[in-house]
Amino acid sequence: MSLKIMNEPLVANNDGVNVKPELMEKEKLYHCIFNEKVILAYKDHQDFLNCYEIEEIDLVQKIKSNVDQNIDSILEDYMEKTNLKSK
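Conventions adopted
Residues numbered from 1 in each chain as written. Predicted model: local features only at pLDDT ≥ 70, side-chain atom pairs only at ≥ 80, totals over all residues. Heavy atoms only, no water. Salt bridge = Lys/Arg side-chain N within 4 Å of Asp/Glu carboxyl O. Helix = DSSP H or I, 4+ residues; strand = E, 2+ residues; numbered from the N terminus. Buried < 20%, exposed > 50% of the residue type's maximum accessible area, 1.4 Å probe, protein only. Arc of directions from axis to C-beta. Contact = heavy atoms within 4.5 Å. Pairing = 2+ DSSP bridges.

Colleague: Can you help me understand the pattern of salt bridges in this one?
Modeller: Should the charged atoms of two oppositely charged side chains come close, the side chains can pair. Summed over all chains, the structure comprises 4 salt bridges. Between Asp47 and Lys26 there is a salt bridge, with the nearest N and O atoms lying 3.5 Å from each other. Of this pair, Asp47 sits in the loop between β4 (37-43) and β5 (49-54) while Lys26 sits in the loop between β2 (16-19) and β3 (30-34); the two residues are 21 residues apart in sequence, bridging distant segments of the chain. The partly exposed category is assigned to Asp47, whose relative accessible area is 46%. The partly exposed category is assigned to Lys26, whose relative accessible area is 45%.

Below you can see the structure in the form of structure tokens.
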């Protein structure tokens, strides 16, 4: 296991997703891919850990194929195109 992976707050492996909230910055979104799902996690301003799972195939594929793009912008684009954004 590389040193970089050991220092990541959210890592997927064969056994599941390993979450290390102590390594997370508050209000920063982290993600990983596990079993063809995107796992999202962030620690809020009160240090509560929030985790979400995305199964939408098109969105998962877009995130997987655009690893260099900011996930926030991918999610924002998806919400606008699918009218999920709150008004």
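Having seen the structure, we can now continue with the description.
Colleague: Can you walk me through helix α2 (residues 57-65) in this structure?
Modeller: Turn by turn, an α-helix covers 3.6 residues, leaving residues three or four places apart pointing in a common direction. Turning to α2, its buried residues are Leu59, Val60 and Ile63. With its buried residues spanning 100° around the axis, α2 presents them on a single face. Turned more than 90 degrees away from the buried face of α2 sit Ile57, Asp58 and Ser65, all of them exposed. Buried residues in α2 make contact with β3, β4, β5 and α3 (71-81).

Colleague: Just checking my understanding: could you explain α3 for this structure?
Modeller: The set of residues buried in α3 consists of Ile71, Ile74 and Leu75. Take α3 and look down its axis: the buried residues cluster within an arc of 95°, on one side only. Against the buried residues of α3 lie β3, β4, β5 and α2. Phi for Asn83, located one or two positions after α3, is positive at around 60°.

Colleague: I'm lost on the pairing of β4 in this one. Help?
Modeller: Successive residues of a regular strand alternate their side chains across the two faces of the sheet. Along β4, 5 of the 7 residues are buried, which leaves the element largely enclosed by surrounding structure. Sheet topology note: the β3/β4 ladder contains 5 bridges and is antiparallel. Bridge assignment links Cys32 to a residue of β4, and that residue is Ile39. With antiparallel pairing between neighbouring strands as the criterion, β3 and β4 make up a hairpin whose turn holds 2 residues, including Asn35 at a positive phi of roughly 50°. Two elements, β4 and β5, share 6 bridges in a ladder whose sense is antiparallel. The residue bridging Lys43 from the neighbouring strand is Leu49, located in β5. Counting the residues that bridge the hairpin from β4 to β5 gives 5 residues, and of these Asp47 lies at a positive phi of roughly 70°.

Colleague: Could you clarify how one ought to interpret the side chain of Asn50 in this entry?
Modeller: With respect to the helices, strands and loops of the structure, Asn50 is situated in strand β5. Given the relative accessible area of 18%, Asn50 is considered buried. The residues touching Asn50, leaving out its near neighbours within four places in the chain, are Leu40, Ala41, Tyr42 and Asp44.

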